[in-house]
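What follows is the residue order along each chain.
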Amino acid sequence: MRISEFIDPRGIKLQVALSSQDEAIDKLIALHEEVGNLKDAATFKEAILAREAKGSTAIGNGIAVPHGKSSAVAKAGLVAITCPQGVDYKAMDGKPSNLLFMIAAPDGGADTHLEVLSKLMQLLMDPAFCKTLVEAKTVDEFLALIDAKEAEKDAASKNDAPVAAGTTKIVAVTACPTGIAHTFMAAESLEQKAKELGIAFRVEKDGSGGAKDPLTAKEIEEADAVIVAVDKNIDMGQFDGKKVVLASTKEAIHEPEKLFEKAKTASVYHHTGAVSKKSDDANESIGRQLYKHLMNGVSHMLPFVIGGGILIAIAFLLDDYSIDPSNFGSNTPVAAWFKTIGGAAFGFMLPILAGFIAQSIADRPGLAVGFVGGALAASGATFANPGGAIPSAFLGALVAGFAAGYFMKWLEKVCDKLPQSLEGIKPVLIYPLVGITVIGIVMCAINPIVGALNAWISGVLSSMGTTSLVPLGIILGAMMATDMGGPLNKAAYVFGTAALAEQNEVGWMIMAAVMVGGMVPPIAIALATLVFPKKFTVAERKAGPVNFIMGFCFITEGAIPYAAADPLHVIPSLMVGSGVAGALSMAFRCTLMAPHGGIFVFPVVGNWALYLVALAIGSVVSCLLLGLLKKTVEE
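Residues numbered from 1 in each chain as written. Predicted model: local features only at pLDDT ≥ 70, side-chain atom pairs only at ≥ 80, totals over all residues. Heavy atoms only, no water.

Caption draft 1: The pattern of salt bridges, seen in detail. Under the counting rule described, the total for this entry stands at 14 salt bridges. A salt bridge links Lys-45 to Asp-26; the shortest N-O distance between them is 2.9 Å. Of this pair, Lys-45 sits in helix H3 (residues 41-53) while Asp-26 is found in helix H2 (residues 21-34), placing the two residues 19 residues apart along the sequence. Residue classification places Asp-26 among the partly exposed positions, given a relative accessible area of 26%. Where Lys-169 meets Glu-222, a salt bridge forms, and the shortest distance between an N and an O atom there is 3.9 Å. Taken as a pair, Lys-169 in strand E7 (residues 169-175) and Glu-222 in helix H8 (residues 217-222) lie far apart in primary sequence, 53 residues in all. (Salt bridge = Lys/Arg side-chain N within 4 Å of Asp/Glu carboxyl O. Helix = DSSP H or I, 4+ residues; strand = E, 2+ residues; numbered from the N terminus. Buried < 20%, exposed > 50% of the residue type's maximum accessible area, 1.4 Å probe, protein only.)

Here it is in structure tokens:
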């Protein structure tokens, strides 16, 4: 299928004047809607904005390629706008974008369109070609230019000259998180530069439809060096023993010659794990690396916490407290069933957390050791009582995960010095035996210390009166609204789920304050777009009511596009309202036995009527602050 067959001529608008990124997105979505690519334009826009919130899709050189994958897409398609005077699309190079393509991909649909899109991304790496597209006067001329360039590209790929003896051979892999745009543009940039430098070159593109043009074992073996230009995990084991240059897709797009220069003096890569490693670890700060490892554990843990926690909450809802207060949650057969199943899922929380933190640090060798460390943190094993005496709980699991990961990383380096004949027994005998033994010693030593710390914290929280808990509610609520899905938001949420695991009133109050703090931002945004419409663009007003749904479902991320557009005014407004809601939740002694769910778990909220009051007041406070602080938008 040719690129021109993939674009409906009605989806191309030339010589368009654009005043903002929001206007550009709206016009491109309108084109998709006009040619019948969308089932629901508003829902598709959410996908586009969610992608933009992670970083602008303007890649520089005057090109922007916004894209989204959504169930709101009826059929895969491409639309385009040229804007000769340019529009600020927050490009990497700070320059305005004058050539904009928007990709609509169906969620879960076939990926046959990716080959067409990958070819387009490669063509756009030619600045002269992009200039001719921007200068096109008619849609027919625009499509004819694409056809001619595509034919030229196809012919060039078929007529590659044989590699002369002595020619430098380099292979590469490119990959970005979505696998649609940057993956293929990075590959094309490297291919063009390799041709200029006379280098024999092959590149594997790890796109959303899987690897395209995968490298063979023979090609990797014969290569003088490997360039790994990726923004996500890939399997690095295949490059063991080769000279490897680690980079991002951004570097490959904008500085390909530097990467080929680095390839000449690159160090040899020795792979010690069985699966992928982050390619950018060496360039990250220690704090960033620790956060990344922690989030790997948390993201794997949350399904167990949420599923098990809600089932336990249902058990409390269905049980009869008067039968036996000491056995509340298991007094009736139905409640006992929910409590048992939920408890089983909840019981995996600490081993999963520790295991996947360790796996993020040391790959597969760290996984089993981390699991065992997390289980020992949960059981409370000590030297005096290996069967369990003093659980170190959440804090102990964190220690176990990082201790297991870094110990196993060290052990792998030590084992590299062993004879080659022992290579086969390292992963099946040495790593698990030594690792589990050491983590057993570590956990038996720290469980009494961390367990005592946990007991002290629990005692302090339990002894706190309502007045003392209010400041904690303010802090947790404000943190939930600070970066909405970022480190501070995640830290507050993790603190809430850890408190929930204690299964006491204070823990339930903390979880309630955390959730109400996370519900306020989207609801406040939705309210403000209705009460203060002049403070928002047309596009923001249209998308505003959707945030009511996201807020009531405890999806704080619905407020991200608004915060990203005006962070200095929006974020403080949302933080204050969320802090007020968290404080009121604590003051009203509202409790929540489930770690997620929004209004769907309100039946298990203690003092639910006052909880609604806290939510309403916090949302109104943020709404009023938005109206006061945000500037009026000039249409």
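Caption draft 2: Main features of helix H23 (residues 567-587). In this model, H23 (21 residues) spans 29 Å end to end at C-alpha, consistent with the 30 Å of a helix rising 1.5 Å per residue. Every buried residue of H23 is listed here: Val-570, Ser-573, Leu-574, Gly-577, Ser-578, Gly-579, Ala-581, Gly-582, Ala-583, Leu-584, Ser-585 and Met-586. Among the residues trailing H23, Arg-589 stands out with phi positive, at a value near 55 degrees. (Expected span 1.5 Å × (residues − 1).)

Caption draft 3: Spatial organisation of the environment of Asn-547. Structurally, the position occupied by Asn-547 is in helix H21 (residues 546-552). As a C-alpha pair, Asn-547 and Leu-527 span 20 residues in sequence and 8.8 Å in three-dimensional space. When residues no more than four places from it in sequence are discounted, the contact partners of Asn-547 are Pro-522, Ile-523, Ile-525, Ala-526, Gly-558, Ala-559 and Tyr-562. (Contact = heavy atoms within 4.5 Å.)

Caption draft 4: Structural context of a nonpolar patch on the surface. A cluster of nonpolar side chains, Ile-425, Val-428, Leu-429, Leu-433 and Val-434, forms an exposed patch at the surface whose accessible area comes to about 420 Å². Within the secondary structure layout, Leu-433 lies in helix H16 (residues 426-463). Residue classification places Leu-433 among the exposed residues on the basis of a relative accessible area of 52%. (Patch = residues over 30% accessible without salt bridge, like charges linked within 9 Å, V, L, I, M, F, W, Y side chains within 5 Å. Areas by Shrake-Rupley, 256 points an atom, 1.4 Å probe, with all protein chains shown as cover.)

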